[in-house]
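Analysis of the macromolecular model
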Amino acid sequence: MDWGNIFGNAVGELISPTTAAYALAAIGLGIHFGYTGLLNFGQAAFLLIGAYGFAIPTLAGAPLVVAVLCAILCSVIFAFILGIPTLRLRADYLAIVTIAAAEVVRYVVTTTGLTDFTGAANGLSGFKGTFAAINPIPDGTYGFGPFTYSSYDWWVRIVGWVIVILASVLVFLLMRSPWGRVVKGIREDEDAVRSLGKNVYSYKMQSLVLGGVLGSVAGIIFILPRAVQPANYTTGLTFFIWTIMLLGGAATIFGPIIGSMIFWVVLSLTQGILYGAIESGALGFLSTTQAGQVRFILVGVALMLLVIFRPQGIFGNKKELSFSV
Amino acid sequence: MSNLPASTAPASGIPTAHPLVKGEVGPGCAKVDPIVIADSVTRQFGGLKAVDVDHLEIPRGKITALIGPNGAGKTTMFNLLTGFDKPNTGTWEFDGKSLAGVPAFKVARSGMVRTFQLTKSLGRLSVLQNMLLGATDQKGEKLFASLFRPLWKKQEEENTARADDLLARFKLDAKREDYAASLSGGQRKLLEMARALMSKPQLIMLDEPMAGVNPALTQSLLGHIKNLKEDGTSVLFVEHDMHMVMHISDWVVVMAEGRVVAEGPPETVMKDPAVIDAYLGAHHDTDLGELMEDGPNPVLEAERKAHEAHPEAEATGYGDTPPAAGVEETKR
Ligand SMILES: Nc1ncnc2c1ncn2[C@@H]1O[C@H](COP(=O)(O)OP(=O)(O)O)[C@@H](O)[C@H]1O
Ligand SMILES: [Mg+2]
């Protein structure tokens, strides 16, 4: 087994754009669930909308800023569509509607009737030009050891992580403010907050929109190193984001970032080790395809262990969680 | 108008005039200066008419007790007046403005703030944060302003000072930084009341504020409620402890089976046959003969007996008949 390679790939995941995208999506979900108590089981849809909302206008010739704004606008509209009918109702209604809506949008972009716009099952590619064009890093490869990347790859990483940090600062500022106090109050008991004269519906909507916008930007970062593939946006994606958020701690600032790093490093390590073991014959009964699936079984087991033994996540406050009603 | 009307009450029988009242004293009587006026408010749960109030006026600047056996519709009436539940029929106004159909948060903003019979403390917020949430017109509660602390820092400091002051008055200052979830039941009641006061309401509606609060603290709470009146706040409260009702209220409204069956000053309302009826209905287990005797006060006696028979009832706050407690659990 080539341990150097296995560890090299794993540490590379620490700063990969995918890790950044998942972290950002988990930050958005943290606003929804961790701080406001909204059960959003359709975060994958916000990533999808970000991806297509960016790629379609870009392929149609729109400049970068317009494409990004389009993605954000689409996610705001989507959040309103989800929120207007459900946020006045009990919390579980939002859960059902988000999970269904996420599947609906995925089927919509996959339909062959829309092939000209969405590429149907093949997805979209060739939309990186506008983003690459503003890359200030001269061509070439930079870095050392496992962190050796091309100019474009560095550009994606830098932009991705800067956005993640900005989003974390945003969440920090919001949650130390009276605004954050109101949404946390809503998480605890929305009738109590209502009785104190706060427009609970409006705050829930603001939270849904905000977390959704972060999800859609995460969707853009996610596709910058790859193509848009509708198959990526299943409920599985939503549950990975939930895993990451719970792993780090749902109502924490650094939780989503560290959670995402751990998630991807562990996935990469297990893949490397399993494939290595299969090649060397130690696990001859497994095929590499099966090994890929075993990794996700491990994710499920890890999530279960996490919820049982450390429900507050890595950064969460044990005391805070132990009071959950 | 501010003196207690005790002198106008004859030693026996029910007075027909009172300085708070315009016209004759009786269920649904008009007040000289009402802050709340409700008309034909009804609320039906399936076949049960939980609230069926033809007319009710709450006097301004006074302490009004709303009493009645469990299931009389007191909490439902609170929910309706404050926009937490929708009536089948009815209109009501607060301070001259119609509030029918107005959402709960706007009712609270207009100056009518309520607490809940089943306390709603925000468990995973600190006691201080709970208090600060009660303050109104906070600049930092707007999404964009919240990002810039200088815009709301000063207001936050003022609110914190007010909150600390109230916490000290309610003997919760030592718990300031603790999670509200770590408070005892009685302390949560206190916190909820203090939090409601953060908004400086014109009318505060307390649903069983003393339930579960220890007797020593009850005394000082009574003092706070009286002080509220001095500050010009009107108080409407639901309470099962008749001694407290007698002690602090200026006016008593009695509900039974959804209707207002009697009204009057505390000294005399308990002698109203309709009240005795209402309470007897709730105390099947009480010796009727004894109650009907010319005791000092049949209702007080009934209450006392109920508490003796079920001492836990006081601690849990479910007033008289424990079987009704299960019902109370099912709603806000
Ligand atoms: N949400 C509800 N659904 C069905 N019945 C209810 C509901 N809320 C209250 N009730 C019924 O309405 C009646 C009045 O209840 P409530 O207002 O809580 O009485 P009180 O506060 O005077 O003890 C009770 O008989 C109760 O069972
Ligand atoms: Mg009640």
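In every chain, residue numbers begin from 1 and rise along the written sequence. Lettering of chains starts at A and numbering of ligands starts at 1, both following the order in which they are written. Per-residue local features are limited, in this predicted model, to residues with pLDDT of at least 70; the limit for side-chain atom pairs, both in listing and counting, is 80 or more; totals at the level of whole chains, interfaces and linings are taken over all residues.

A separate point is the overall build of chain A. Helix and strand definitions here come from DSSP, where helices need a minimum of 4 consecutive H or I residues and strands a minimum of 2 consecutive E residues; each element is numbered from the N-terminal end. What chain A contains, in helices and strands, is 15 helices and two strands. Taken over C-alpha atoms, the radius of gyration comes to 20 Å for chain A, in line with the 20 Å a tight globule of 325 residues would show. With respect to the principal axes defined by its C-alpha atoms, chain A has extents near 65 × 50 × 40 Å. Using C-beta atoms placed from the backbone, we call a residue buried if 20 or more other C-beta atoms fall within 10 Å of its own, exposed if 12 or fewer do, and partly exposed for counts in between. Going through the 325 residues of chain A one by one, you find that 46% of them count as buried. In this treatment the radius of gyration is a C-alpha quantity, and the globule benchmark scales as 2.2 Å times the residue count to the 0.38 power.

The next thing to look at is the site of ligand 1. Residues and elements named next belong to chain B. Taken together, 13 residues lie around ligand 1, and Phe45, Ala50, Lys74, Thr75 and Thr76 are the ones closest in. Broken down by secondary-structure element, the contributors of at least two residues to the shell around ligand 1 are strand S4 (48-59) and helix H1 (74-81). With three residues, the top contributor of residues to the shell around ligand 1 is H1. When residues are grouped by polarity, Ala, Val, Leu, Ile, Met, Phe, Trp, Tyr, Cys and Pro land in nonpolar, Asp, Glu, Lys and Arg in charged, and all others, Gly among them, in polar. Classifying every residue of the shell around ligand 1 by side-chain character gives five nonpolar, six polar and two charged. Placing a C-beta atom from the backbone of each residue, we mark the residue near a molecule or strand if the atom is within 6 Å of it.

What follows deals with the nonpolar core. We define the nonpolar core as any set of buried residues of the types Ala, Val, Leu, Ile, Met, Phe, Trp, Tyr and Cys, connected via C-beta atoms lying within 7 Å of each other. Of all hydrophobic cores here, the largest spans 165 residues; its most connected members are Leu24(A), Leu47(A), Ala51(A), Ile221(A), Ala194(B) and Val254(B). No other element matches the 13 residues that helix H11 (residues 200-223) of chain A contributes to this core. Leu24(A) has contacts with Ile163(A), Val164(A), Ala167(A), Leu214(A), Val217(A), Ala218(A) and Ile221(A), leaving out every residue within four places of it along the chain. Working definition of a contact: two residues with C-beta atoms, positioned from the backbone, lying within 7 Å.

The next thing to look at is the sheet that holds strand S11 (residues 251-256) of chain B. All names here are of chain B. At least two bridges found by DSSP between two strands are what make those strands a pair. One open sheet accounts for six strands, arranged S8-S9-S10-S5-S11-S12; its pairing is mixed. Two strands close off the open sheet at either side, each with one partner strand: strand S8 (112-114) and strand S12 (259-264). Taken pair by pair, the neighbouring strands of this sheet meet at an average axis angle of 20°, ignoring direction. Where H1 meets the sheet, it contacts strand S5 (63-67), S8, strand S9 (203-207), strand S10 (234-238) and S11, and its direction lies at approximately 145° from that of S9. Comment: axis = line fitted to C-alpha atoms, over the contacting stretch for helices; angle = value between 0 and 180 degrees taken between N-to-C directions. Running at roughly 145° to S10, helix H6 (residues 215-230) makes contact with S5, S9 and S10 of the sheet.

Another point: the interface of chain A and chain B. The interface of chain A with chain B comprises 26 residues on the first partner and 31 residues on the second. Ranked by the residues each element gives to the side of chain A that touches chain B, the list is headed by helix H9 (residues 178-188) of chain A, at seven residues. Here the residues of the side of chain A that touches chain B sort into 11 nonpolar, six polar and nine charged.

Residues and elements named next belong to chain A. As a packed pair, helix H2 (residues 17-35) and helix H13 (residues 255-279) sit with axes 8 Å apart at the nearest point and diverge in direction by 140°. With respect to H13, the element H2 is oriented oblique. Of the two elements, H2 crosses H13, and the hand of that crossing is right-handed. Residues Thr18, Thr19, Tyr22, Ala23, Ala26, Ile27 and Gly30 of H2 lie in contact with H13, whose contacting residues are Gly255, Pro256, Ile257, Gly259, Ser260, Met261, Phe263 and Trp264. When its residues are assigned to classes, the contact of H2 with H13 shows nine nonpolar, six polar and no charged. Note that the term roughly parallel is reserved for angles under 35 degrees, roughly antiparallel for angles over 145, roughly perpendicular for angles of 65 to 115, and oblique for everything else. Helix crossings get a hand from a simple test, with the near helix turned counterclockwise from the far one by less than a right angle marking a left-handed crossing and a clockwise turn marking a right-handed one.

Residue and element names in this part refer to chain A. Examined against the element boundaries, phenylalanine 41 turns out to sit in the loop between H2 and helix H3 (43-59). For the pair phenylalanine 41 and leucine 173, spaced 132 residues apart in the sequence, the C-alpha separation amounts to 25 Å. The contacts of phenylalanine 41, once residues within four sequence positions are left out, are Ala95, Thr98, Ile99 and Thr238.

Time to look at H3(A). Residues and elements named next belong to chain A. Expected helix span is taken as 1.5 Å per residue step, with the number of steps being one fewer than the number of residues. Here H3 spans 25 Å end to end across 17 residues, near enough to the 24 Å set by a 1.5 Å rise per residue. The element H3 is extensively covered by neighbouring structure, given that 16 of its 17 residues are classed as buried. Glycine 61 lies just past H3 and shows a positive phi near 100°.

A few words now on the pairing of S4(B). The side chains of a regular strand alternate between the sheet's two faces. Residue and element names in this part refer to chain B. Note: strand S3 (residues 34-45) against S4, 10 bridges, orientation antiparallel. Across the sheet, residue alanine 38 finds its bridge partner in S4, namely leucine 56. Between S3 and S4, which pair antiparallel one after the other, the connecting turn spans two residues, and glycine 46 there sits at a positive phi close to 60°.

Spatially, the four strands line up as an open sheet ordered S4-S3-S6-S7 (chain B), and their pairing is antiparallel. For this open sheet the edge positions go to S4 and strand S7 (97-98) of chain B, each flanked by a neighbour on one side alone.

One non-glycine residue, Ser40(B), lies in the positive phi region at around 35°. By secondary structure assignment, the location of Ser40(B) is in strand S3.

Residues and elements named next belong to chain B. The pLDDT score gives, residue by residue, the confidence of the prediction method on a 0 to 100 scale. On average, residues of chain B score 83 in pLDDT, and 80% of them reach the 70 mark or higher. For chain B, per-element mean pLDDT is lowest for helix H13 (residues 325-329), which scores 38, and highest for helix H3 (residues 127-133), which scores 97. Confidence drops under a pLDDT of 50 for residues 284-295, and excluding neighbours within four residues, the segment shows 10 contacts in the predicted structure. The low-confidence segment residues 311-332 (pLDDT under 50) makes 37 contacts with residues lying over four places distant or belonging to another chain. As scored by the predictor, the complex reaches a pTM of 0.88 and an ipTM of 0.90.

Attention now goes to the packing of H2(A) against H3(A). All names here are of chain A. For the pair H2 and H3, interaxial distance at closest approach is 10 Å and the crossing angle is 130°. Taken together, H2 and H3 sit at an angle that is classed as oblique. Remark: the crossing between H2 and H3 carries right-handed chirality. For the pair formed by H2 and H3, the contact residues are Ala25, Gly28 and Leu29 on the first element and Gln43, Phe46 and Leu47 on the second.

Take the pairing of strand S6 (residues 89-94) of chain B next. Residues and elements named next belong to chain B. One ladder, built from five bridges, connects S3 with S6; its direction is antiparallel. Considered in S6, the bridge of threonine 42 is made with threonine 89. Summarising the sheet, S6 and S7 pair through two bridges and their orientation is antiparallel. Its bridge partner lying in S7, phenylalanine 94 is registered against lysine 97. Once S6 ends, the chain turns through two residues before running back antiparallel as S7, passing aspartate 95 with a positive phi of about 55°.

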